[in-house]
Amino acid sequence: MDDCYIDLDLKEKIIKNIPENKQDSVLCSLVSLFIDNAPLKFIKQLTGEPEGFEEAELILKQFYRAETFDSLIEDAMKLVGLTNLCLHLDTLDLSSDK
């Protein structure tokens, strides 16, 4: 099986279970997760500084806000893996009543 294989049906189920009013908080949380797990080389390439974590978060938040939510979830599936993504989403308050 290809390591980059994305189960599109599962991706759609994940997206459908994230209320629209919670998508920005999910975006911010996933970007933080990406940065926490990114190699220093990536941070340096993105910001010019090996410890530019805050700037890297700002850059990625801006990038993903200009993209579709679908692309964020797909990238999360690739970057952190499906299991880690689902575990992370389970820690968030994703009820739609807030």
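## Structural notes on the overall build of the chain
Then, in step 1: Within the chain one finds six helices and zero strands.
Then, in step 2: In the chain, the succession of helices and strands from N to C terminus is α-α-α-α-α-α.
Then, in step 3: Over its C-alpha trace the chain gives a radius of gyration of 14 Å, about what one expects of a compact globule, namely 13 Å for 98 residues.
Then, in step 4: Counting only C-alpha atoms and orienting by the principal axes, one finds that the chain spans roughly 40 × 40 × 25 Å.
Then, in step 5: Among the 98 residues that make up the chain, the fraction classed as buried is 37%.

## Comments concerning the packing of helix α2 (residues 23–37) against helix α6 (residues 82–90)
Then, in step 1: Where α2 meets α6, the closest approach of the two axes is 11 Å, and the angle between their N-to-C directions is 130°. On the basis of their axis angle, the class for α2 and α6 is oblique. As for how α2 packs across α6, the hand of that crossing is right-handed. Residues V26, S29, L30 and L33 of α2 form the contact with α6, whose own contacting residues are L85, H88 and L89.
Then, in step 2: Residues belonging to the contact of α2 with α6 are distributed by class as follows: five nonpolar, two polar and no charged.

Cut-offs and rules
Residues numbered from 1 in each chain as written. Predicted model: local features only at pLDDT ≥ 70, side-chain atom pairs only at ≥ 80, totals over all residues. Heavy atoms only, no water. Helix = DSSP H or I, 4+ residues; strand = E, 2+ residues; numbered from the N terminus. Rg over C-alpha atoms; globule rule 2.2 N^0.38 Å. Buried < 20%, exposed > 50% of the residue type's maximum accessible area, 1.4 Å probe, protein only. Axes fitted to C-alpha atoms, helices over the stretch in contact; angles between N-to-C directions. Parallel < 35°, antiparallel > 145°, perpendicular 65-115°, else oblique. Left-handed = near helix turned anticlockwise from the far one by under 90°. Contact = heavy atoms within 4.5 Å. Nonpolar A, V, L, I, M, F, W, Y, C, P; charged D, E, K, R; others polar.

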